[in-house]
Amino acid sequence: MLLKRSFISSVIALSLLLSACGGQNAGGGNNTGITPPNLSAPKADQVDVKNAIVAVSTGVNSVIAEVQKGVSPQAIAPFASSLLQNLVATQAALTGNAPALAKPMGQVGSQQTNGKLPRGVYTCNSSYFTISCTKRGESDDLVYTYTTSAGKVVKVTQDWDSSSLGTPSATVTVYYPYYGSGLNEGYEAPTKLTQSVEVDGKKLAQYTLEQKYKLSRCDKTKYLGTPVESTTLSGFIAREDGSKVLEGEANLTMNDTEYKTAGNVKASSKTDAFSARWEGSLKGTTTYDDSTGCTEFGQFSPSSGSAMVNLSGSKQDFKTSIKADQFIYGTNSYGTYLNGVKGSAVIEVNGKLVTAEGILRDQDNDGVPGDEVTLTFANGPTTLEQFLIDNFGMQPRQ
């Protein structure tokens, strides 16, 4: 039952996110293949939906298990670690704890010197997490190699201008207003970077991160390191035979009145394959507290949104359309918080429909959300809360 609960919790979290990030055709043409639900399809019953969710959940876990077993850990470790550290560093910059690119990858040689990105060719010892490396040459990129205990040679390339993909992209100077010297101290940052991982000469992982930086509200001549106006992330992880385990692309654009997101991802094992596409936008307003002087970071409050999602795999097919009409806020001693989302959804599951309408929250505070959301099936209506209790073993808190 833990597996089912975990998957359902993920679905709920995704629904919340997409309800807050909806919109037609958001993010451009890479998601023109998204198909809306067929509103004239017959109604699904609860068993149809439950069985489809269980099948997808089981299939996804089988893919994850085969990926973990079959993909070279020498490829996954540096790839996942570097991407994660980039995201963590960016989040740290948001809270003023560290500049996002002062240590761009958390790897050897990545400490910036005089605000410049690290470059050069390094050879390291057999332990990936070591800091014992020797510089062997100059390069516009950051390149390091090491040999594993199994004798495999791993090469990680941090291509700051993505010249390996074609025309080089410029780097820019960005500032972190709540770190160090703020707008007086700049750091070199890539507008498009590519990292790749090779094992014994085979490229087993690669991602490209492209960012458009935002001009400071307080000094229109300077770019901020974070938040950015737009981010696009694409990449893949491959098996040693060259076949792709995971590949996809996602983008996010942000301004003071709207957030947009779109993307697609494919994952496969030797026995199953999954694909997902989504697009959405979130509309609202941003307020800035300039009472004590110019501030760079505002508070974005969503007011409406919509989204569409397609998911297929394990012989199951989901087409979902979500509309958020109202975001409900509450207040406490800490300030204002999001208390619920009022909206509706249409979900087509293997050619059959289920509809949802109401306010998504845990109004009765029993630990199971959805007591104010009505699901309509072929065999009658029920609440989302009761559906989760009856079909997935979730228990109300006593």
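Parameters at a glance
- Residues numbered from 1 in each chain as written.
- Predicted model: local features only at pLDDT ≥ 70, side-chain atom pairs only at ≥ 80, totals over all residues.
- Heavy atoms only, no water.
- Helix = DSSP H or I, 4+ residues; strand = E, 2+ residues; numbered from the N terminus.
- Contact = heavy atoms within 4.5 Å.
- Phe/Tyr/Trp six-rings, centres within 6.5 Å; stacked < 30°, edge-to-face > 60°.
- Buried < 20%, exposed > 50% of the residue type's maximum accessible area, 1.4 Å probe, protein only.
- Lys NZ or Arg CZ within 6 Å of the ring centre and 35° of its normal.
- Salt bridge = Lys/Arg side-chain N within 4 Å of Asp/Glu carboxyl O.
- Core = buried A, V, L, I, M, F, W, Y, C linked by side-chain atoms within 4.5 Å.
- Polar contact = N/O pair within 3.5 Å; in protein donor to acceptor, adjacent residues only side chain to side chain.
- pLDDT = per-residue confidence, 0-100.
- Pairing = 2+ DSSP bridges.

1. Considering the side chain of Thr-194
- Relative to the elements of secondary structure, Thr-194 occurs in strand β7 (residues 192-199).
- Ignoring any residue separated from it by four or fewer positions in sequence, one finds Thr-194 in contact with Thr-157, Gln-158, Asp-159, Ser-162, Ser-164, Leu-165, Gln-206, Tyr-207 and Thr-208.

2. Some remarks on the packing of aromatic side chains
- Overall, the coordinates contain 4 aromatic pairs when judged by the stated rule.
- Geometrically, the ring pair formed by Phe-387 and Phe-392 is edge-to-face, given 5.9 Å between the ring centres and 65° between the ring planes. Residue Phe-387 shares its accessibility class with Phe-392, and that shared class is buried.
- One aromatic cluster is present, built from ring pairs that chain together Phe-377, Phe-387 and Phe-392.
- Over the ring of Tyr-288 we find Arg-217, and its NZ or CZ is 3.8 Å from the ring centre.

3. With respect to unusual backbone geometry
- Of note, the bond from Thr-226 into Pro-227 is cis; its omega dihedral lies within 30 degrees of zero at 0°.
- For Pro-227, the position within the fold is in strand β9 (residues 223-238).
- The residue Ser-314 is not glycine, and still its phi comes out positive at about 50°.
- Positionally, Ser-314 belongs in the loop between β13 (299-313) and β14 (316-332).
- Residue Ser-314 is classed as buried on the basis of its relative accessible area, which comes to 14%.
- Look at Asn-350: it is not a glycine, yet its phi comes out positive at around 50°.

4. Let's talk about the pattern of salt bridges
- Applying the stated criterion to the full structure yields 11 salt bridges.
- As a salt-bridge pair, Glu-188 and Arg-119 come within 2.9 Å of each other at their nearest N and O atoms. Taken as a pair, Glu-188 in strand β6 (residues 186-190) and Arg-119 in the loop between α3 (73-94) and β1 (120-124) lie far apart in primary sequence, 69 residues in all.
- Glu-372 serves as the salt-bridge partner of Arg-361, at 2.5 Å between the closest nitrogen and oxygen. Pair noted here: Arg-361 is in the loop between β16 (352-360) and β17 (373-377) and Glu-372 is in the loop between β16 and β17, with a separation of 11 residues, a long-range link.

5. Section: the nonpolar core
- Formed by 24 residues in total, the largest nonpolar core has its most connected members in Val-49, Leu-375, Phe-387 and Leu-388.
- In this structure Phe-387 touches Gln-46, Val-49, Leu-375, Phe-377, Thr-382 and Phe-392, once residues within four positions along its chain are discounted.
- Leu-142, Val-154, Leu-193 and Leu-204 belong to the second largest nonpolar core, which has 17 residues in total.

6. Brief notes about helix α4 (residues 384-392)
- Among the 9 residues of α4, 7 are classified as buried, and the element is accordingly described as predominantly covered.
- Where α4 is concerned, the buried positions are Leu-384, Glu-385, Phe-387, Leu-388, Ile-389, Asn-391 and Phe-392.
- A positive phi of about 70° marks Gly-393, the residue just after α4.

7. What to know about the environment of Asn-255
- Summarising the element assignment, Asn-255 is placed in the loop between β10 (244-254) and β11 (258-268).
- On the accessibility criterion, Asn-255 (42% relative accessible area) is partly exposed.
- Distance in space between the C-alpha atoms of Asn-255 and Ser-230 is 8.9 Å, their sequence separation being 25 residues.
- Residue contacts for Asn-255: discarding those within four places in its chain leaves Thr-286 and Phe-300.
- Side-chain polar atoms of Asn-255 contact the backbone nitrogen of Thr-257, separated by 2.9 Å.
- At a separation of 2.7 Å, a polar atom in the side chain of Asn-255 contacts the main-chain amide nitrogen of Glu-258.

8. Overview of the confidence of the model for the chain
- Chain-level pLDDT for the chain is 81 on average; 77% of the residues reach the 70-or-more range.
- Confidence drops under a pLDDT of 50 for residues 1-31, and excluding neighbours within four residues, the segment shows 75 contacts in the predicted structure.

9. Re the pairing of β14
- Bridge count between β13 and β14: 9 bridges; the pairing is antiparallel. Of the residues in β14, the one forming a bridge with Ser-312 is Asp-317.
- Remark: 2 residues form the turn of the hairpin made by β13 and β14, two consecutive strands paired antiparallel; Ser-314 in that turn has positive phi of roughly 50°.
- Sheet topology note: the β14/strand β15 (residues 335-349) ladder contains 14 bridges and is antiparallel. Within β15, the position partnered with Ser-321 by the bridge is Val-346.

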